[in-house]
Amino acid sequence: RKFRAPRHGSLGFLPRKRCARHRGKVKSFPKDDKSKPCHLTAFMGHKAGMSHILREVDRVGSRSHKKEVVEAVTIIETPPMIAVGVVGYIETPRGLRSFSTIFAQHISDECKRRFYKNWYRCKKKAHMRTGQMWADDDGKKSIDTNFNKISKHCSVVRLLCHTQPKLFKLKEKKANIMEIQINGGEIADKVAYARSLLEKPISVKDLFAENELLDVIGVTRGHGYKGVTYRWGTKKLPRKTHKGLRKVACIGAWHPSRVCFSVPRAGQFGYHHRTEVNKKVYRVGTKGDNKSASTPFDLTDKAITPMGGFHHYGEINEDFLMIKGCVMGPRKRVLTLRKSLLTHTKRVALEKISLKFIDTASKWGHGRFQTDAEKKAIQGLLKKEKSTDCDSALIPLL
């Protein structure tokens, strides 16, 4: 049965239904190591699009050693996140329980919008008391007391951080908020580290570096209600089958007189919560770098945004990560990036990446040119560009 007619589709991802949340949730953070300095373990970004790179493999003993390979890469835009709170957790017999939450004095409207259903009615008094607590002496004393209680009683400290939608150039107004666990050091060190980050921007380069492996958590692309052949990959029935052939012929025995959960059925396909592990970081880009797509072998000054922009996304003007392979979801989908849970020892994981070429040709069609200057050098100027050049030349004469 297992080899001649194996079942179609995995039962490990049941139930296949629409995810309750749009943002990928970190369900387990990396194991804490007190010997290391305090550091954050997750970040958020938006998927911009894909491209491809050329590199030379450095893997002694492999058939592809010293050979050039072309690989697909995904670009994730990751502007700085803002820390707005600290949450302490205590251990109970039933797992972790939140002990205390402390918010920062100043919270942006982008973040406040996430807390309310009707922002128009609530914005006058939204989070007014949290700011007042930091203003007077009694409030400051209570805040210090809460920080001391977290240091004394808690075993896990997490930082409340939110994205900045104004930097993404999307139509979003509400910030995405998540708790990021602080690993390393003693509890008092974690609390001091979290307090030092309040109201400050956190950059992606503070968390991830090139050649590092990370995990991507997000929600896949939704496809709506799909039939059993598309959803589970079951075999189509013969052509002359009565009432359709994209069906399952037998959905179970007479008894038990119900349909078993493991029988493929039609239903929701896509928009599922998924985690992909061990994605290699090929490049960490910084804001305003006009050579973010240049390499030692390709000295052309070019930014990571391809000609014409990433389709249905636009230009990348902030920090970004270049990750090997694909990730879940359509472009503009918010993704959670987590530090790897594993200690990597394999040669593939420890391989140093040296990029030779990053493609920035147009993704709209058969892109032939890497930069606008290269296109003009080969094809010449357009008629409208020639007229503007002529006008600019005539202005000094007038």
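Cut-offs applied
- Residues numbered from 1 in each chain as written.
- Predicted model: local features only at pLDDT ≥ 70, side-chain atom pairs only at ≥ 80, totals over all residues.
- Heavy atoms only, no water.
- Helix = DSSP H or I, 4+ residues; strand = E, 2+ residues; numbered from the N terminus.
- Buried < 20%, exposed > 50% of the residue type's maximum accessible area, 1.4 Å probe, protein only.
- Contact = heavy atoms within 4.5 Å.
- Areas by Shrake-Rupley, 256 points an atom, 1.4 Å probe, with all protein chains shown as cover.
- Lys, Arg positive; Asp, Glu negative; His and termini not counted.
- Charge placed at Lys NZ, Arg CZ, Asp CG, Glu CD.
- Axes fitted to C-alpha atoms, helices over the stretch in contact; angles between N-to-C directions.
- Parallel < 35°, antiparallel > 145°, perpendicular 65-115°, else oblique.
- Phe/Tyr/Trp six-rings, centres within 6.5 Å; stacked < 30°, edge-to-face > 60°.
- Lys NZ or Arg CZ within 6 Å of the ring centre and 35° of its normal.

## Remarks on the overall build of the protein chain
Each helix and strand counted, the protein chain has nine helices and 15 strands in total. Projecting the C-alpha coordinates of the protein chain onto the three principal axes gives extents of approximately 90 × 70 × 55 Å. Sorting the 398 residues of the protein chain into buried and exposed places 41% on the buried side. Pairs at least 24 residues apart make up 76% of the contacts formed inside the protein chain by residues separated by at least 6 positions. Summing over all exposed atoms, the protein chain offers an accessible surface of approximately 24000 Å²; the carbon and sulfur share of this is 54%. Of the side-chain charges in the protein chain, 81 are positive and 37 negative, and the distance between the mean point of each set is 15 Å.

## Looking at unusual backbone geometry
Between Leu14 and Pro15 the backbone carries a cis peptide bond, its omega angle lying at -10 degrees. Summarising the element assignment, Pro15 is placed in the segment before β1 (39–40). Here the residue pair His255 and Pro256 is connected by a cis peptide bond, since its omega of 0 degrees sits within 30 degrees of zero. A positive phi angle is found at His127, which is not glycine, with a value near 55 degrees. Tracing the chain through its elements places His127 in the loop between α2 (119–122) and α3 (128–135). At Asn278, a position not held by glycine, the phi torsion is positive, near 60 degrees.

## Notes on the packing of α3 against helix α4 (residues 137–153)
Relative orientation of the contacting elements α3 and α4 amounts to 100 degrees, with a least axis distance of 5 Å. Judged by the angle between their axes, α3 and α4 are roughly perpendicular. Judged by residue contacts, Met133, Trp134 and Ala135 of α3 engage Asp137, Gly139, Lys140, Ser142, Ile143 and Phe147 from α4.

## Observations concerning the environment of Ile358
Tracing the chain through its elements places Ile358 in strand β15 (residues 355–358). The spacing of Ile358 and Phe43 is 315 residues in sequence and 25 Å in space, taken between C-alpha atoms. Excluding residues that lie within four positions of it along the chain, Ile358 makes contacts with His52, Ile53, Arg283, Ser292, Ala293, Thr295, Lys302, Ile304, Met322 and Gln370.

## Considering the side chain of Thr78
Relative to the elements of secondary structure, Thr78 occurs in the loop between β3 (68–77) and β4 (81–92). Exposure remark for Thr78: the relative accessible area of 0% places this residue in the buried category. In this structure, Thr78 is in contact with Phe43, Met44, Gly45, Val204, Asp319, Phe320, Leu321 and Leu337, ignoring residues within four places of it in sequence.

## Quick look at the packing of aromatic side chains
Counted by the stated rule, this structure contains three aromatic pairs. Ring geometry for Phe103 against Phe115: centres 6.0 Å apart, planes inclined by 80 degrees, an arrangement best described as edge-to-face. Pair noted here: Phe103 is in strand β5 (residues 95–103) and Phe115 is in the loop between α1 (109–113) and α2, with a separation of twelve residues, a long-range link. A relative accessible area of 35% means that Phe115 is categorised as partly exposed. Seen in terms of ring centroids, Tyr230 and Phe269 are 5.3 Å apart; in terms of plane orientation they differ by 90 degrees. Their pairing is edge-to-face. Separated by 39 residues along the polypeptide, Tyr230 in helix α6 (residues 228–232) and Phe269 in strand β11 (residues 267–270) bring together distant segments of the chain. The ring centre of Tyr271 lies 4.5 Å from the NZ or CZ of Arg18, which sits over that ring. The side chain of Lys226 reaches across the aromatic face of Tyr230, ending 4.6 Å from its centre.

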